[in-house]
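Here is what each chain is made of, one letter per residue.
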Amino acid sequence: MNALHNFVTIELFAGAGGLALGLEKAGFETIGLVELDKDAAGTLRNNRPKWNVINDDIANISSSDLETLFGINKGDLDLLSGGAPCQAFSYAGKRLGLDDARGTLFYHYALFLRKLQPRTFLFENVRGLVSHDRGRTYQAILDIFKAEGYTVQTEIMNAWDYGVAQKRERLIMIGVRNDLADRLRIDPPTPHKYKPVLRDILGDVPQSAGTQYSEHKRKIFELVPPGGYWRDIPAEIAKDYMKSCWYMEGGRTGILRRLSLDEPSLTVLTSPSQKQTDRCHPLEARPFTVRENARCQCFPDDWEFSGSVGQQYKQVGNAVPVNLAYEVARKIYEGLEQM
């Protein structure tokens, strides 16, 4: 192993850089990031001009000579990271291995794995992947990882346990190449004793773009106390606002939801103002700004997002929280160091 511990990584589906920043903080050197969205790729390039950002369809990249493209020999990459959007497989019990995944974005992640044979991989996704298509999608992914020669460990991790003022559960899959599995141990990170809340992160947030509620919605939100939702305002006002949602079953606790400074953010979403998933600011009757959402995702204040306001919200909402990424990456780094 490299005596300088200059461990290198390639990231796929890189987005606006939440995962990449966590890896950088843990000590990894990023030698390539693949991202299709031009605004997200612009965010990466503008903030880290030295990063090798490839703004292209991953299907065009995975079919190329990856060793030449990234300047690394098969087997020498320390970490392949990323998380492909969740899609159902045309599985049907065929058990064809990698061919089962053709037509999905995960296929290209697995193709990178096959072609480069990195020492380790980090695959992150929504918690719902475990139950997607009655568990078959997750099982197919696990089978492919094992067929490609990796020992895999899976954790469901809540970002709130790892220094993030946000309840956000992610599926984390870590793989170690089988020939290294007996000497490369990667322990899961230890949850923090203190779990931060919005009060810890919302002070002195830099000014930034943000959307506003309509005047009608703003006046209704002024009636909702911090930590409250539609049940905490007069029923006739709530019923008029909710319309057909009023008759739905379940708690509908996301509707007219106002956060409190003494709780973490709910999962940061890609759109700041949707009726069934409201996240109103604790002190003002408005959605969080882009910068406030970025704080909830642990982005540094000088990390600038490219594109329209809507695109910026989307990039922030799709990101892996930087602190969660760091905690996982640090354990992978430590495992590689001990080899």
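Above this text you will find the structure in question.
Here is a short report on the structure shown in this document. Worth saying up front: this structure is predicted, and the values here are computed from it rather than measured. (Residues numbered from 1 in each chain as written. Predicted model: local features only at pLDDT ≥ 70, side-chain atom pairs only at ≥ 80, totals over all residues. Heavy atoms only, no water.)

Using the criterion set out here, one finds 19 aromatic pairs in the structure. Ring centres of Tyr-213 and Phe-221 lie 4.8 Å apart, and the angle between their planes is 15°; this geometry places the pair in the stacked category. Given a relative accessible area of 0%, Phe-221 falls into the buried group. Plain terms: the ring middles of Tyr-229 and Trp-230 are 6.0 Å apart, the flat faces sit at 85° to each other, and that makes the pair edge-to-face. In this structure, Tyr-229 and Trp-230 share a single accessibility class: buried. (Phe/Tyr/Trp six-rings, centres within 6.5 Å; stacked < 30°, edge-to-face > 60°. Buried < 20%, exposed > 50% of the residue type's maximum accessible area, 1.4 Å probe, protein only.)

Okay, the pairing of strand S1 (residues 8-12) next. Counting buried residues along S1, 5 of its 5 residues qualify, which places the element largely inside the surrounding structure. Going residue by residue along S1, you find Val-8, Ile-10 and Leu-12 tucked away on one face and Thr-9 and Glu-11 tucked away on the opposite face as well. Bridge analysis of S1 against strand S2 (residues 29-34) gives 5 bridges, and the strand direction is parallel. Counterpart to Thr-9 in the pairing with S2 is Thr-30. Following the backbone out of S1, through helix H1 (residues 18-26) and into the adjacent parallel S2, one traces a crossover that is right-handed. Of the pairings in the sheet, the one linking S1 to strand S4 (residues 79-82) comprises 4 bridges and is parallel in character. (Helix = DSSP H or I, 4+ residues; strand = E, 2+ residues; numbered from the N terminus. Pairing = 2+ DSSP bridges. Right-handed = clockwise from strand over helix to strand, strands pointing away.)

With that settled, the discussion passes to the nonpolar core. Grouped together as the largest cluster of nonpolar side chains are 54 residues, with contacts concentrated most on Phe-28, Leu-122, Leu-198, Phe-299, Phe-305, Val-328 and Ile-332. Where this core is concerned, the elements lending two or more residues are H1, helix H2 (38-47), strand S7 (169-177), helix H7 (198-201), helix H10 (290-296), helix H11 (309-318) and helix H12 (322-337). If we ignore the near neighbours within four places in the chain, the residues touching Phe-28 are Phe-7, Val-8, Thr-9, Leu-23, Leu-79, Ala-329, Ile-332, Tyr-333 and Leu-336. Listed in part, the 37 residues of the second largest apolar core include Leu-12, Phe-123, Leu-142 and Met-173. (Core = buried A, V, L, I, M, F, W, Y, C linked by side-chain atoms within 4.5 Å. Contact = heavy atoms within 4.5 Å.)

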